[in-house]
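A closer look at the structure
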Amino acid sequence: MLIDSYQPSASPGQRFRAALAHSQPLPIVGAMNPFCALLAQRAGHQAIYLAGGGMATYSHGLPDLGLTTMTEVLQDVRRMTDACDLPLMVDVDTGFGGLFNIARLVKGLIKDGAAAMHIEDQVQLKRCGHRPNKALVSTAEMVDRIKSCVDARTDDAFFLVARTDSLANEGLPAAIDRACAYMEAGADMVFAEACADLGQYRGFVQAIDRPHAVLANITEFSMTPTFTLDELRQAGVSAALYPLSAARAMAAAAQNVYRAILEDGSPRKVLDAMQPRTELYEVLNYHAYEAKYDELFAAGAGASR
């Protein structure tokens, strides 16, 4: 348990910054729904993540092509922060519109209990960061996006991450130039997307030369290898994102269960892959709710005599 990150008076942004200071690098794990957030907390994680691609896929059955809206993202943020007090980082794609939309989004995120966000430098018709043919806005336009975020903050501790997708299109020197400009505009950290080797992370870290400069996206089956936390630490990376690790495992498990029911006529063979009811109840504190029901029913029965 972190000493500073769970003080009752601390804002979500302050708790995220405390977690970041405590771990080098800080693992930030994706949670596809509030129950997964509780599982991450139970496992001992100190920060969670709402992935834009994950929300599109698992909440709406859509591809990661910027098809969700600000309203839908904020709705999922509220669900997460209502259920779990771990600091939440939110993927906001390109900001869901112009500068006024971005400002409105930042205020909404803070109001709804998010701790951090990342915004990217793709055009609004965006693509997954590990797919080809990404198109970027100019450095100046992305700087304006970041400045809009900074100006809209109602909590100075709310953590702003600028994601650059420029490495694949423009090469490392140009991507580093963009990253430095984004930090100068007020970003707290750079999300260096689709790095293929540790040397590229080192390049960003050395050029930015600030505490907590770089976030690595360790997303499976991508252009980025599954580097270990120790390898990332040696490269100077400050935070490591695991956006869909649990979601991919859950999807594979669900697919196996669906097949087993058809092929075997029963889920018996896959019971070992399931979370038992007793553990489910522990995560949800189910018995405390049930005990309150019992107390209310007993009081009601006594009053009716």
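Use the structure listed above.
The structure presented is a predicted model; accordingly, all values stated were derived computationally and were not measured.

About the criteria used
- Residues numbered from 1 in each chain as written.
- Predicted model: local features only at pLDDT ≥ 70, side-chain atom pairs only at ≥ 80, totals over all residues.
- Heavy atoms only, no water.
- Phe/Tyr/Trp six-rings, centres within 6.5 Å; stacked < 30°, edge-to-face > 60°.
- Helix = DSSP H or I, 4+ residues; strand = E, 2+ residues; numbered from the N terminus.
- Buried < 20%, exposed > 50% of the residue type's maximum accessible area, 1.4 Å probe, protein only.
- Lys NZ or Arg CZ within 6 Å of the ring centre and 35° of its normal.
- Pairing = 2+ DSSP bridges.
- Right-handed = clockwise from strand over helix to strand, strands pointing away.
- Disulfide = S-S within 2.5 Å.
- Axes fitted to C-alpha atoms, helices over the stretch in contact; angles between N-to-C directions.
- Parallel < 35°, antiparallel > 145°, perpendicular 65-115°, else oblique.
- Contact = heavy atoms within 4.5 Å.
- Salt bridge = Lys/Arg side-chain N within 4 Å of Asp/Glu carboxyl O.
- Core = buried A, V, L, I, M, F, W, Y, C linked by side-chain atoms within 4.5 Å.

1. Some words on the packing of aromatic side chains
Across all of its chains, the model carries 4 aromatic pairs by this definition. With 6.2 Å between their ring centres and 80 degrees between their planes, Y201 and F227 make a pair best called edge-to-face. Here Y201 is found in helix α9 (residues 198–208), whereas its partner F227 is found in the loop between β7 (214–217) and α10 (229–234), with 26 residues between them in sequence. Take Y201 and F227: they sit in the same class, and that class is buried. Residue placement shows R163 over the ring face of F191; its charged tip is 5.3 Å from the ring centre.

2. With respect to the pairing of strand β6 (residues 189–192)
Alternating positions in β6 separate into two faces, M189 and F191 on one and V190 and A192 on the other, with burial throughout. Note: strand β5 (residues 159–164) against β6, 4 bridges, orientation parallel. By the bridge assignment for β6, T164 is matched with A192. Summarising the sheet, β6 and β7 pair through 2 bridges and their orientation is parallel. From the neighbouring strand, F191 faces β7, where its bridge partner is L215.

3. Thoughts on the pairing of strand β4 (residues 116–120)
Within β4, 5 of the 5 residues are buried, which leaves it mostly tucked inside the rest of the structure. Inspection of the sheet shows strand β3 (residues 88–91) paired to β4 by 3 bridges, in the parallel sense. Bridged to D91 within β4 is H118. Running through helix α5 (residues 99–111), the crossover from β3 to the neighbouring parallel element β4 is right-handed. A crossover links β4 with its parallel partner β5, the connecting element being helix α6 (residues 139–152), and its sense is right-handed.

4. Examining the state of the cysteines
Throughout the structure, instances matching the rule amount to 0 disulfides. Here C128 stays unpaired: no disulfide links it, and the sulfur of C195, its closest cysteine neighbor, is 14 Å away. Classification of C128 by relative accessible area gives partly exposed; the value is 24%. C180 forms no disulfide, and the closest cysteine sulfur to it belongs to C195, at a distance of 13 Å. Look at C180 and you get partly exposed, because its relative accessible area is 26%.

5. Some points on helix α3 (residues 52–60)
Of the residues making up α3, those classed as buried are G52, G53, G54, M55 and A56. G61 occupies a position one or two residues after α3 and carries a positive phi of about 65 degrees.

6. A few points about the packing of helix α2 (residues 34–43) against helix α12 (residues 277–284)
The description of two helices packed together rests on the angle between their axes and the distance between the axes. With their axes 10 Å apart at the nearest point, α2 and α12 run at an angle of 90 degrees to one another. Put simply, α2 runs roughly perpendicular to α12. Residue-level inspection shows F35, L38, L39 and R42 of α2 in contact with α12, the latter providing E279, L280, E282, V283 and L284.

7. So, the pattern of salt bridges
Applying the stated criterion across every chain, the model contains 20 salt bridges. The salt bridge involving E295 is made with K292; its shortest N-O contact spans 3.4 Å. You can see E295 and its partner K292 sitting in helix α13 (residues 286–303), 3 residues apart, about one turn around the helix. Among the charged side chains, a salt-bridge network with shared partners connects D64, D93, E120, K126, K134, R163, D165 and E193.

8. Observations concerning the nonpolar core
Proteins that are soluble and globular tend to have nonpolar side chains buried together. Residues I48, V90, L109, M117, Y201, V214 and L232 are the most contacted members of the largest nonpolar core, which totals 65 residues. Among the elements that line this core, the one with the most residues is α5, at 6 residues. What L109 contacts, discounting residues up to four positions off in sequence, is L74, V77, V90, V92, A114, M117 and F158. Of all hydrophobic cores here, the second largest spans 20 residues; its members include F16, A19, L215 and L244.

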